[in-house]
Amino acid sequence: MQAAQAKQLDAKSAKEVQTFIEHQHQIQQIQAVVGKITDLCWEKCVSKPGASLTDSEKNCIANCSERFLDTSMFVVNRMQSKQGK
């Protein structure tokens, strides 16, 4: 009886570890996307870094980020729809 309980515990622990690893991988992917957006939009919008961003730079970064996310979502949705066919 104890051997069966040990196997069950091991399977449960393995499932928990797998879930944790998947969650950490998702966090890593999100951080990578945020870093990419930051790099792309900074290079595009900020020509001379100063003590603070100008209103124009702030608007440019906001628009750039929105376009990047919209484009990414479009590509993901398009790929998912093609996989479903």
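What you see is a predicted model; the values in this text were computed from it and never measured. Here the residue index of a chain counts from 1 through its sequence in written order. Under the rules for a predicted model, residues below a pLDDT of 70 receive no local features and side-chain atom pairs below 80 are neither given nor counted, while totals for whole chains, interfaces and linings still include all residues. Side-chain numbers come from the whole structure's heavy atoms, not from hydrogens or water.

With that out of the way, let us pick up the state of the cysteines. We call a pair of cysteine sulfur atoms a disulfide when they lie within 2.5 Å. Considering all chains together, one arrives at 2 disulfides under this definition. Bridging Cys 41 to Cys 64, the disulfide has an S-S length of 2.1 Å. Taking the sign of the S-S torsion, -85 degrees for the link of Cys 41 and Cys 64, the bridge is left-handed. With Cys 41 in helix α1 (residues 2-45) and Cys 64 in helix α2 (residues 55-84), this residue pair connects regions lying 23 residues apart in the sequence. Note on cysteine connectivity: Cys 45 is disulfide-linked to Cys 60, with sulfurs 2.0 Å apart. As the torsion about the S-S bond is roughly -70 degrees, the Cys 45-Cys 60 disulfide counts as left-handed. One end of the pair, Cys 45, is in helix α1; the other, Cys 60, is in helix α2, and 15 residues separate them in sequence. For the protein, the disulfide bridges join cysteines in the arrangement 1-4, 2-3, where the cysteines are counted in sequence order. Counting from the N terminus, the helices are the DSSP runs of H or I reaching at least four residues and the strands are the DSSP runs of E reaching at least two.

Further remarks concern a nonpolar patch on the surface. For patches, a residue must show more than 30% relative accessible area and have no salt bridge; joins then use 9 Å for like charges and 5 Å for nonpolar side chains, namely Val, Leu, Ile, Met, Phe, Trp and Tyr. Only the protein chains shown count as cover for residues, and the accessible areas themselves come from Shrake-Rupley with a 1.4 Å probe. A carboxyl oxygen of Asp or Glu within 4 Å of a side-chain nitrogen of Lys or Arg is what we treat as a salt bridge. Nonpolar side chains collect at one region of the surface, where Val 17, Phe 20 and Ile 21 lie side by side and expose about 300 Å² of accessible area between them. Summarising the element assignment, Ile 21 is placed in helix α1. A residue is classified by how much of its surface remains accessible, and Ile 21, at 46% relative accessible area, is partly exposed. Only protein chains enter the calculation, and the probe is 1.4 Å; a residue is then buried if its accessible area is under 20% of its type maximum, exposed if over 50%, and partly exposed in between.

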